[in-house]
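Each chain, written out:
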Amino acid sequence: MLQKPRGTRDFLPDEMEARRTIEWRMREVARCWGYREVCTPEFENLELFTMRSGEGIVEEMYIFEDKGGRKLALRPEITAAVIRMFINEAKVAPKPLRWCYFADCFRYERPQKGRYRQFWQFGVELIGADTARADAEVIMLAADMLNATGIAYDLKVGHLSFMKNLLKDLEYSAQRRMMAHLDKKDFDGLKNTLESMNKADLCNSLIALVNCRDLAEAFEISGPVPEKERINQTIEILDAAGIEYSLNFGIARGLDYYTGMVFEGFAQNLGAENQILGGGAYRLAHLFGGDDVASCGFALGFDRVMVSLGEKIHRKDTVVAVVCTNECRNHALEVARIFRRAGIRSEMDLMGRGLGAQIAHASKSADFAVVIGQRETESGNVTLKNLHTGEQKTLDPESAIAEVVSHGARR
RNA sequence: GCCAGGGUGGGGUAGUUGGUUAUCCUAGGGGACUGUGGAUCCUCCGACCCGGGUUCGAAUCUCGGCCCUGGCCCCA
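Below you will find a few notes about this structure. What you are looking at is a predicted structure, and each value in this text was computed from that prediction instead of being measured.

1. Remarks on the overall build of chain A
Here's step 1: The number of helices and strands found in chain A is 15 helices and 16 strands.
Here's step 2: At 28 Å, chain A has a C-alpha radius of gyration far larger than the 22 Å of a compact globule built from 411 residues.
Here's step 3: Dimensions along the principal axes, computed over C-alpha positions, put chain A at roughly 95 × 55 × 45 Å.
Here's step 4: Expressed as a percentage of the 411 residues in chain A, the buried residues total 49%.
Here's step 5: Taking as baseline every contact in chain A between residues at least 6 positions apart, the subset at least 24 positions apart corresponds to 67%.

Laid out in structure tokens, this is it:
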């Protein structure tokens, strides 16, 4: 039998309905904050991603050459493409721009729990606002969105200034190495590397910073931080809004282009792959030939949210089975049309089953049976049978529709 | 790329000191049965991940591969 490619998944209707339910909750939150959806190509020139993230990521991408010999890649993430799009199409649009996306990405990695080779991200980018309010808005939006999904998570907020301030005397490559150690909480590696550079005196401050959960204390540890005022403002806004988060100044994020505020979200009930959210303030536009526009955004790992939610989401449509005797099929079709026009999912027999067999089948797949036979065809009424309770009554079609709708599951 | 555990009808399983036609539940189709047949009974459909090896004989032993699950690495 033909198998699907490693790391990909098939989604049956139950699962798709659950996914769409959560997707729409996220869309609603984004919409309410004024973030409008954009869409970029599924594949881009390879260069777009290597410019952003370095050549190293080539190993982890789906790369191919088209018939014109162009080097292309299935997108491994979406931020780079959105910023490219902003430069190509919307450079002069009034700032700030609030955009969001929901799309699939591809990475060639070893699959494990919550990690697939094709996966979906819900993300937002706030382009052209370089303020504490902008930083705070994106975090508040992220929290709002995670809350809307109903998962249990921890939100960690940090700022790169502290770490960068402590490391400012080091060479750039050494800074990168330190930040990698710190992000992983690899204190032994940190110590060794510092000692080899005769900078062991930094070690205690850096470790203290990573473990620090208090803003005032962080300022003390790292000395005068240039963005102090902006950081204070951002945190004030978050606190005033009642956002639940913890401060964490060990967050380094993998990439160069993050400039200041950074944040991450973790699901509480996942295993090794428990990060469900990552974001921050960054400058990327100049890399792609645009002005040096400040941006801020996050991407949320949709599949991990679904894994975290597990079986919690049961959204079921109310289903009506319109069952009929053979000679009343035409009238039954008409009744079904009336129900469908009212927005009710209505299904009819296609197998040529008898009335009893139709009800037997309906009992497994529907909430109500609408029985149409000689009597109903003559009177214009319908017989509505609640398949959960067995209760049955004769009603005119409009009342039957009202009964089905009031039954609840229409949302 | 590395480590561990797995793979038997659509789903869940039994069977592995090698031995007839591979067990059971469930789901699905048909019928008893053309106005309530959601029940009951009968019946049908349908599987040993793939390939090589050992053997008279392999679901079972062996080797390789593929895939799944979890973890390491990485995580833009």
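From this point, things continue past the structure.
2. Focus on the pairing of strand β16 (residues 392-395)
Here's step 1: One ladder, built from 4 bridges, connects strand β15 (residues 382-386) with β16; its direction is antiparallel. In the sheet register, Leu-384 faces β16, and the bridge partner there is Lys-393.

3. Brief notes about the side chain of Thr-21
Here's step 1: With respect to the helices and strands, Thr-21 occurs in helix α1 (residues 13-32).
Here's step 2: Using a relative accessible area of 12% as the deciding quantity, one classes Thr-21 as buried.
Here's step 3: A polar side-chain atom of Thr-21 sits 2.7 Å from the main-chain carbonyl oxygen of Glu-17.

4. Quick look at the nonpolar core
Here's step 1: Ranked by internal contacts, the top residues of the largest apolar core, which has 105 residues, are Met-145, Leu-155, Phe-263 and Phe-298.
Here's step 2: Counting residues per element, this core draws most heavily on helix α4 (residues 132-149), which supplies 10 residues.
Here's step 3: The contact partners of Phe-298, leaving out residues within four places of it in the chain, are Tyr-101, Phe-122, Gly-123, Val-124, Val-138, Leu-141, Ala-142, Met-145, Phe-263, Leu-277, Gly-278 and Gly-279.
Here's step 4: Formed by 19 residues, the second largest nonpolar core is a distinct cluster that contains Val-320, Val-322, Val-382 and Leu-395.

5. Comments concerning the protein's contact with RNA strand B
Here's step 1: The full set close to RNA strand B counts 42 residues, and Arg-52, Arg-115, Arg-353, Gln-374 and Leu-387 are the nearest of them.
Here's step 2: Looking at RNA strand B alone, sugar and phosphate atoms form 49% of those within 4 Å of the protein.
Here's step 3: With respect to RNA strand B, the backbone of Gly-7 contributes an N or O atom lying 3.2 Å from a phosphate oxygen.
Here's step 4: Looking at the surface near RNA strand B, the elements with two or more residues in it are α13 (355-365), α14 (374-379) and β15.
Here's step 5: If one sorts the elements of the surface near RNA strand B by residue count, α13 sits on top with 7 residues.

6. Describing helix α12 (residues 329-341)
Here's step 1: In a regular helix each residue adds 1.5 Å, so 13 residues correspond to 18 Å; α12 covers 18 Å between its end C-alpha atoms and thus fits that length.
Here's step 2: By the burial criterion, the buried members of α12 are Ala-332, Val-335, Ala-336 and Phe-339. Buried residues of α12, viewed axially, fall in a sector of 100 degrees; they line one side. Seen from the open side of α12, the exposed residues pointing more than 90 degrees away from its buried face are Asn-330 and Arg-341.
Here's step 3: Along its buried surface, α12 packs onto β12 (319-324), β13 (345-348), β14 (368-372), β15 and α15 (397-406).
Here's step 4: Just beyond α12, the residue with positive phi is Gly-343, at close to 85 degrees.

7. A look at the packing of aromatic side chains
Here's step 1: Enumeration according to the criterion identifies 11 aromatic pairs in this entry.
Here's step 2: For the pair Phe-162 and Phe-219, a centre-to-centre distance of 5.2 Å together with 50 degrees between the ring planes defines the contact as tilted. Of the two residues, Phe-162 sits in helix α5 (residues 160-166) while Phe-219 sits in helix α9 (residues 215-222), which places them 57 residues apart along the sequence.
Here's step 3: Stacked on the ring of Phe-11, the Lys or Arg Arg-19 has its end atom at 4.1 Å from the ring centre.
Here's step 4: The ring of Trp-24 carries Arg-27 above its face, with NZ or CZ at 5.1 Å from the centroid.

8. Side note on the environment of Ser-365
Here's step 1: Tracing the backbone shows Ser-365 in helix α13.
Here's step 2: Taking the C-alpha atoms as reference, Ser-365 lies 14 Å from Lys-385; in sequence the two are 20 residues apart.
Here's step 3: A distance of 3.3 Å separates a polar atom in the side chain of Ser-365 from the backbone oxygen of His-361.

9. Details of the sheet that holds strand β10 (residues 275-283)
Here's step 1: Spatially, 8 strands are ordered β1-β5-β6-β11-β10-β9-β7-β8 in an open sheet, and the strand pairing comes out mixed. The open sheet has two edge strands with one neighbour each: β1 (36-37) and β8 (246-247).
Here's step 2: Relative to strand β6 (residues 118-127), strand β5 (residues 97-106) is paired through 10 bridges, and the arrangement is antiparallel. By the bridge assignment, Phe-102 is partnered in β6 with Phe-122.
Here's step 3: Contacts between α4 and the sheet are confined to β5, β6, β7 (153-159), β9 (258-267), β10 and β11 (294-301), with β11 contributing the most and set at about 15 degrees to the helix.

10. Remarks on the pattern of salt bridges
Here's step 1: Inspection of the entire model under this criterion finds 23 salt bridges.
Here's step 2: Residues Arg-75 and Asp-104 are paired through a salt bridge, measuring 3.1 Å at the closest nitrogen-oxygen approach. With Arg-75 in the loop between β4 (71-74) and α3 (79-89) and Asp-104 in strand β5, this residue pair connects regions lying 29 residues apart in the sequence. Residue Arg-75 shares its accessibility class with Asp-104, and that shared class is buried.
Here's step 3: Across the pair Glu-391 and Lys-393 runs a salt bridge whose closest N-O atoms are separated by 3.9 Å.
Here's step 4: Since its relative accessible area comes to 30%, Lys-393 is described here as partly exposed.
Here's step 5: Connected via shared salt-bridge partners are Asp-130, Asp-135, Arg-230, Arg-283 and Asp-292.

What counts and how
Residues numbered from 1 in each chain as written. Chains lettered and ligands numbered in written order. Predicted model: local features only at pLDDT ≥ 70, side-chain atom pairs only at ≥ 80, totals over all residues. Heavy atoms only, no water. Helix = DSSP H or I, 4+ residues; strand = E, 2+ residues; numbered from the N terminus. Rg over C-alpha atoms; globule rule 2.2 N^0.38 Å. Buried < 20%, exposed > 50% of the residue type's maximum accessible area, 1.4 Å probe, protein only. Contact = heavy atoms within 4.5 Å. Pairing = 2+ DSSP bridges. Polar contact = N/O pair within 3.5 Å; in protein donor to acceptor, adjacent residues only side chain to side chain. Core = buried A, V, L, I, M, F, W, Y, C linked by side-chain atoms within 4.5 Å. Near = heavy atom within 4 Å. Expected span 1.5 Å × (residues − 1). Arc of directions from axis to C-beta. Phe/Tyr/Trp six-rings, centres within 6.5 Å; stacked < 30°, edge-to-face > 60°. Lys NZ or Arg CZ within 6 Å of the ring centre and 35° of its normal. Axes fitted to C-alpha atoms, helices over the stretch in contact; angles between N-to-C directions. Salt bridge = Lys/Arg side-chain N within 4 Å of Asp/Glu carboxyl O.

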